[in-house]
Amino acid sequence: MARQLFNFPTESITGGIINITKYKDSTRKAIAASSGATGRSALVNNFTFTKLRNNADSYILVTGIIGGMGMPNYPHIGMCCTIDQIGYGQTGQPAEAPNHPQGPAGGGIYYCGNYVVNEGTTFIIHKSFKEFILNSGSHRLDIGWNANSDVRPCEYINPNSTDNNRHQQCATHILVYEIAR
Amino acid sequence: MGRAIKNPPPVAVASKLVATGEYIMQQVGPLNSDYSNYTLWTYNYPKQKAANETYLYFAAQFNSLEAYSYAPSPCIRCLNQTADLYNGSQYHFGYQNSAEMEFNLHTCQNYAHSETLDGRSANISSSNFGVGTVPIIIRWDTLSGGGNRPGHTFCPTARAGAGTGGSQTSAMDSRGESIWYGYLRVWEIAY
């Protein structure tokens, strides 16, 4: 006669990491001052990744570091980090982000530096997309800023010895986590 | 007659996380002179799985006393890593009135893998990445070989005070009554 199992524990793994996608950019790049849609992808432009599960099963968490150089602007210039261009927020040119509600693209990226040529500016990215509806399939990640005048948070990203002969080639490093709900 | 299972668990979610380790960083310094390179800390992570089964992701945040400009950032990586040595690390130093002031904030993250990962070639030999000790270091390397200090006293202990040889050692005070620990986290992740 076979065993019968009663009251089997109902716990299951929660919060597990389902998948991780890596982004790396080791190319020194000049950052131009810009406004509106142009700046929104100036730091990370259309990085595509694949989500394995539907929205009901998992969400996305993005963490990372961007090494920069020089900080020429006042601090509040609308830094944003979003997936599928959702929620770019306030804009004087809504046609640049049609069908996208205002708001949730903002934040999740923070930076600080010194307004001195060839001095480091540190960017930290840490953003949960648990509130976003993202189903399985291909998605895009964009990081930058959304401003109503031409601004920039730094002069270069991924600086190297061109900026100072002591510096190795720096690289942006971002991880896109897919996490079980 | 087959087995009958009552109240089976819901479908479990397969997790990529195999193991995690941590290392608490304590004071290094005062560094009273410049160095072209310097290994601040080494964490001998006990890797659980074989080189072709898991890779490592690691991150660390910490402070250091006395701000220095231009110096290369301390970077986190495996000791035997052969590429991507300087990814994902940066520091911010205090600055006021054309002078370096007070202290620095350091942030580091990187990963190492011996199998092709997301289309990128391996950056550590499988012989250095199997079950057992895998040293993870935080270190700076000056490209031009000159002397540098991205900080004077890292993760200062209580009443650390000032050393010598810095440009702003007077800014390193001794008022702190707690140890300013840093934390290093390692995630061992399945391919």
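Just so we're clear, the structure is a prediction, and the values are computed from it rather than from any experiment.

## A short note on the overall build of chain B
(1) Moving on: For chain B, the helix and strand inventory stands at zero helices and 10 strands.
(2) Moving on: For chain B, the α and β elements follow one another from N to C terminus as β-β-β-β-β-β-β-β-β-β.
(3) Moving on: Within chain B, buried positions represent 42% of all 191 residues.
(4) Moving on: Across chain B, every contact between residues at least 6 apart in sequence was considered, and the portion connecting residues at least 24 apart equals 78%.

## So, the overall build of chain A
(1) Moving on: A tally of helices and strands in chain A yields zero helices and 11 strands.
(2) Moving on: Along chain A, helices (α) and strands (β) appear in the sequence β-β-β-β-β-β-β-β-β-β-β when read from the amino end.
(3) Moving on: Looking at chain A residue by residue over its 181 residues, the buried ones come to 40%.

## Here's the deal with the nonpolar core
Residues and elements named next belong to chain B.
(1) Moving on: One finds L56, F58, A60 and I136 to be the most contacted residues of the largest nonpolar core, which totals 71 residues.
(2) Moving on: With seven residues, the top contributor of residues to this core is strand β4 (residues 54–65).
(3) Moving on: The residues touching A60, leaving out its near neighbours within four places in the chain, are M25, I76, C108, I138, G182, Y183 and L184.
(4) Moving on: Ranked by size, the runner-up nonpolar core spans eight residues in total, among them L65, A71, F93 and F103.

## Brief notes about the environment of Y183(B)
(1) Moving on: By the element assignment, Y183(B) lies in strand β10 (residues 182–190).
(2) Moving on: Taking the C-alpha atoms as reference points, Y183(B) and I24(B), separated by 159 residues in sequence, lie 4.8 Å from one another.

## Details of the environment of A171(A)
(1) Moving on: Along the chain, A171(A) turns up in the loop between β10 (156–157) and β11 (172–180).
(2) Moving on: Along the chain, A171(A) and A33(A) lie 138 residues apart, while their C-alpha atoms are 21 Å from each other.
(3) Moving on: Not counting chain neighbours up to four residues away, the residues in contact with A171(A) comprise K24(A), D25(A), S26(A), N158(A), D84(B), Y86(B), N87(B) and G88(B).

## Observations concerning the pairing of strand β9 (residues 137–145) of chain A
All names here are of chain A.
(1) Moving on: Pairing analysis gives six bridges linking strand β4 (residues 44–51) to β9, with the strands arranged antiparallel. Residue T48 lies in a different strand from β9, and its bridge partner there is R140.
(2) Moving on: Across five bridges, the pairing between strand β6 (residues 79–83) and β9 is antiparallel. Each bridged residue has a counterpart across the sheet, and for I83 the counterpart in β9 is L141.

## Description of the sheet that holds β9(A)
Residues and elements named next belong to chain A.
(1) Moving on: Across the sheet, which stays open at both edges, the three strands sit in the order β4-β9-β6 with antiparallel pairing between neighbours. The outermost strands of the open sheet, each flanked by one partner alone, are β4 and β6. Here the average twist between neighbouring strands, direction ignored, is 15°.

## Here we look at the environment of I124(A)
(1) Moving on: Counting through the fold element by element, I124(A) comes out in strand β8 (residues 120–128).
(2) Moving on: Note: C-alpha distance between I124(A) and T63(A) (61 residues apart in sequence) is 7.7 Å.
(3) Moving on: Among residues more than four places away in sequence, those in contact with I124(A) are I65(A), Y110(A) and T107(B).

## Concerning the sheet that holds strand β3 (residues 37–47) of chain B
The strands making up a sheet associate through backbone hydrogen bonding, with each pair oriented either parallel or antiparallel.
All names here are of chain B.
(1) Moving on: The strand order across the open sheet formed by three strands is β3-β8-β5, and the pairing between neighbours is antiparallel. Of all strands in the sheet, those bounded by a partner on one side alone are β3 and β5 (75–78). On average, each strand axis in the sheet is inclined to that of its neighbour by 25°, with strand direction left out of account.
(2) Moving on: In this sheet, strand β8 (residues 132–141) lies alongside β5 in antiparallel orientation, the contact comprising four bridges. If you follow C75 over to β8, its bridge partner there is R139.

## Some remarks on unusual backbone geometry
(1) Moving on: A cis amide bond links G29(B) to the next residue, P30(B), at an omega of 5°.
(2) Moving on: Even without glycine at this site, N46(A) takes up a positive phi of about 55°.
(3) Moving on: Following the sequence through the fold, N46(A) ends up in strand β4.
(4) Moving on: Overall, the presence of 9 C-beta atoms within 10 Å leaves N46(A) in the exposed class.

## What about the confidence of the model for chain B?
(1) Moving on: Put simply, chain B has an average pLDDT of 87, and 88% of its residues get 70 or more.
(2) Moving on: Predicted as a complex, the structure gets a pTM of 0.83 and an ipTM equal to 0.76.

## Some words on the pairing of strand β7 (residues 109–113) of chain A
Residue and element names in this part refer to chain A.
(1) Moving on: The alternating pattern of β7 places I109, Y111 and G113 on a buried face and Y110 and C112 on a face that is not buried.
(2) Moving on: Bridge count for β7 against β8 is five bridges, and the pairing is antiparallel. Pairing of I109 across the sheet is with I125, part of β8.
(3) Moving on: Between β7 and β8, which pair antiparallel in sequence order, lie six residues; one of them, N118, sits at a positive phi of approximately 65°.

Thresholds applied
Residues numbered from 1 in each chain as written. Chains lettered and ligands numbered in written order. Predicted model: local features only at pLDDT ≥ 70, side-chain atom pairs only at ≥ 80, totals over all residues. Helix = DSSP H or I, 4+ residues; strand = E, 2+ residues; numbered from the N terminus. Buried ≥ 20, exposed ≤ 12 C-beta atoms within 10 Å, placed from the backbone. Contact = placed C-beta atoms within 7 Å. Core = buried A, V, L, I, M, F, W, Y, C linked by C-beta atoms within 7 Å. Pairing = 2+ DSSP bridges. Axes fitted to C-alpha atoms, helices over the stretch in contact; angles between N-to-C directions. pLDDT = per-residue confidence, 0-100.

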